[in-house]
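# Observations on the three-dimensional arrangement
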Amino acid sequence: MRFRHPDGSTVHLAYCTNVHPAEDLAGVRRQLREHAEPVRRRLGRDRLGIGLWLARDAARALIADPAELRALRADLDRRGLEVVTLNGFPYRGFGDQRVKHRVYRPDWTEPERLEHTTDLARLLTGLLPDDAAEGTISTLPLAWRTRLGGGGTETAGAALRALARRLDALQELTGRSVRVGLEPEPGCAVATTADAVTALTGPAAPPAERIGVCVDTCHLATEFEDPRTAVDGLTTAGVPVVKAQLSAALHAPTPGEPRVREALAAFAEPRFLHQTRTRTATGVLGTDDLDEALAGGVLPDAEPWRVHLHVPLHAPLSPPLSSTLPVLRETLGHLVGGQQPLTHHLEVETYTWQALPTELRPRNRGQLADGIAAELSLARELLTDLGLKELP
């Protein structure tokens, strides 16, 4: 979906396909046929943007055979789908029964991460629509926080500088520009936008023309970041917002109450990591997973908790829980509601549909397509409320 900003530029809205497990090319093509195209039809649009997730095996297959890449691009065109952004955070196994900390490996201290991201950039130049100005890729925020000791920060920084040089060479070769954004996430080496400023500024920082941030509004809310302060901090530091992921966290207003803990317990599940945070007089405190917080005695419960769990944007949760959709609304206003958009790539990223409590999960592909279409419809309303005009 494309929107015209009042300044005349185009803002792209997509949904991320990491919600659909696929490790190989056959799985990717199945995603397009069984999920993405039905979502487009529900929205009544001739064209729908998808934030494509290519697991390592799928990416390698496309790199190895240019004919397969051309076939994928043709399949996208035939189904009314377009790709301007890739989700390069998960490497493989994102659809496994247990993901947890494995999603952070390989990280930016390991050569596999640089090679995979380089491959994704090469592929993206072949997938971009002919009239797209640039492509973007979101990636993990360097590493899980315990992985950067003993020179890890320097190693990760060198890898990002190497990536920037490769992206320069790729543009010279293809004429297509690709930028990469670190995605701050609770528990990681870059957990907040302030951490991103530290990592992406200074003499050893990678060039801002190539490497910036991906602002995920669920992560932002979980860390209790103020949207205006966060966006202004990035702008002042000269750190570009390469893309933004529109997502909402789980919010528990009174976690000390038994009924609230019971409601939260329904969201504790074994597949993904659900970092949990609360704000205190001395700062933000947290645990690495929701079940740790619910165990008691670890996390203060006098103030609200927020949980890193991407809940559907369009469906209000039943009390006593709610979502951080207001944070998304405010952040989006700061990002694209001004005289010029700070980013042109937006991506709805609710990948946890099948990890929700049973009563909230879609029971079949049709219900999942309905839910994703409803999320995109809400995002469309938010953008048009900000003065953007939807394009055909």
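The structure reproduced in this document is the subject of the present report. Because the structure is predicted, anything quoted here is derived from the model rather than measured.

The helix and strand inventory of the protein chain stands at 12 helices and 15 strands. The globule rule puts the C-alpha radius of gyration for 392 residues at 21 Å, and the 20 Å found for the protein chain is close to it. Referenced to the eigenvectors of the C-alpha coordinate spread, the extents of the protein chain come out at roughly 60 × 50 × 45 Å. Here the protein chain, with 392 residues, has 59% of them falling under the buried criterion. Taking as baseline every contact in the protein chain between residues at least 6 positions apart, the subset at least 24 positions apart corresponds to 80%. Of the roughly 15,300 Å² of accessible surface on the protein chain, a fraction of 50% belongs to carbon and sulfur atoms.

Moving on, we come to the packing of aromatic side chains. A full pass over the atoms with the stated rule returns 6 aromatic pairs. Each residue in the set Trp53, Phe94, Phe272 and Tyr351 is aromatic and connected to the rest through ring pairs, giving one cluster.

Throughout the structure, instances matching the rule amount to 4 cavities of 30 Å³ or more. Of the volumes computed, that of the largest cavity is approximately 170 Å³. Phe94, Val103, Glu185, His308 and Tyr351 are the residues nearest the centre of the largest cavity, which is lined by 19 residues in total. Its residues assigned to classes, the lining of the largest cavity shows 9 nonpolar, 5 polar and 5 charged. Volume-wise, the second largest cavity comes out at about 50 Å³. Together, Pro184, Ala191, Thr193, Cys214, Val215, Asp216, His219, Leu220 and Glu225 line the second largest cavity. Counting only elements with at least two residues in the lining of the second largest cavity, the list comes to strand S7 (211-216) and helix H7 (217-222). In terms of residue count, the dominant contributor to the lining of the second largest cavity is S7 (3 residues).

What follows deals with the environment of Leu32. Note that Leu32 resides in helix H1 (residues 25-43). Sequence-distant contacts of Leu32, that is, excluding residues within four places in its chain, are made with Glu37, Pro38, Ile50, Leu72, Asp75, Leu76, Arg79 and Leu81.

The next point concerns the packing of helix H8 (residues 227-237) against helix H11 (residues 325-336). Across the interface, H8 lies against H11 with an axial gap of 9 Å and an inter-helix angle of 30°. One finds that H8 runs roughly parallel with respect to H11. H11 is crossed by H8, and the crossing has right-handed handedness. Listed contacts from H11 to Pro227, Arg228 and Val231 of H8 are Val327, Glu330, Thr331, His334 and Leu335.

Take the sheet that holds strand S12 (residues 305-311) next. Judged by pairing direction, the sheet is antiparallel, and its 5 strands sit side by side in the order S11-S10-S12-S9-S13 without closing on themselves. One side of each edge strand has no neighbouring strand; the edge strands of this open sheet are strand S11 (283-287) and strand S13 (322-323). Of the pairings in the sheet, the one linking strand S9 (residues 248-252) to S13 comprises 2 bridges and is antiparallel in character. Its bridge partner lying in S13, His251 is registered against Ser322.

A separate point is the pairing of strand S2 (residues 10-16). Judged by how many residues are buried, S2 sits mostly within the fold: 6 of 7 residues are covered. In the sheet, strand S1 (residues 2-4) pairs with S2 via 3 bridges, with the strands oriented antiparallel. If you follow Phe3 over to S2, its bridge partner there is Val11. Counted along the chain from S1 to the antiparallel partner S2, the turn is 5 residues long, and its residue Gly8 has a positive phi close to 100°. As defined by bridge partners, S2 adjoins strand S14 (residues 345-348) across 4 bridges and the pair is classed as parallel.

A separate point is the pattern of salt bridges. Pairing is possible between side chains of opposite charge, provided their charged atoms come close. Per the stated rule, a full pass over the model turns up 30 salt bridges. The salt bridge involving Arg179 is made with Glu134; its shortest N-O contact spans 3.0 Å. Residue Arg179 is found in strand S6 (residues 177-182), and its partner Glu134 is found in strand S5 (residues 134-139); the two are separated by 45 residues along the sequence. For Glu257, the salt bridge identified is with Arg259, shortest N-O distance 3.1 Å. Exposure remark for Glu257: the relative accessible area of 31% places this residue in the partly exposed category.

Note that Arg30 resides in helix H1. The spacing of Arg30 and Ala281 is 251 residues in sequence and 50 Å in space, taken between C-alpha atoms.

For helix H12 (residues 365-385), with 21 residues, the first-to-last C-alpha span of 30 Å sits near the 30 Å given by 1.5 Å per residue. Taken together, the buried positions of H12 are Leu368, Ala369, Gly371, Ile372, Ala373, Glu375, Leu376, Leu378, Ala379, Arg380, Leu382 and Leu383. Two residues or fewer past H12, Gly387 is found with a positive phi of approximately 100°.

Quantified by volume, the largest pocket comes out at close to 270 Å³. Together, 18 residues line the largest pocket, and Leu142, Thr153, Gly157, Thr198 and Ala199 are the ones closest to its centre. Those elements giving two or more residues to the lining of the largest pocket turn out to be helix H5 (152-174) and helix H6 (193-200). At 7 residues, the largest contribution of residues to the lining of the largest pocket is made by H5. Looking at the lining of the largest pocket residue by residue, the class counts come to 11 nonpolar, 4 polar and 3 charged. Approximately 220 Å³ is the volume found for the second largest pocket.

Rules and cut-offs
Residues numbered from 1 in each chain as written. Predicted model: local features only at pLDDT ≥ 70, side-chain atom pairs only at ≥ 80, totals over all residues. Heavy atoms only, no water. Helix = DSSP H or I, 4+ residues; strand = E, 2+ residues; numbered from the N terminus. Rg over C-alpha atoms; globule rule 2.2 N^0.38 Å. Buried < 20%, exposed > 50% of the residue type's maximum accessible area, 1.4 Å probe, protein only. Contact = heavy atoms within 4.5 Å. Areas by Shrake-Rupley, 256 points an atom, 1.4 Å probe, with all protein chains shown as cover. Phe/Tyr/Trp six-rings, centres within 6.5 Å; stacked < 30°, edge-to-face > 60°. 1 Å grid on protein atoms, 1.4 Å probe; cavity = no way out; pocket = protein on both sides within 12 Å on 5 of 7 lines; lining within 4 Å. Points joined across faces, edges and corners; volume = space filled by probe spheres on them. Nonpolar A, V, L, I, M, F, W, Y, C, P; charged D, E, K, R; others polar. Axes fitted to C-alpha atoms, helices over the stretch in contact; angles between N-to-C directions. Parallel < 35°, antiparallel > 145°, perpendicular 65-115°, else oblique. Left-handed = near helix turned anticlockwise from the far one by under 90°. Pairing = 2+ DSSP bridges. Salt bridge = Lys/Arg side-chain N within 4 Å of Asp/Glu carboxyl O. Expected span 1.5 Å × (residues − 1).

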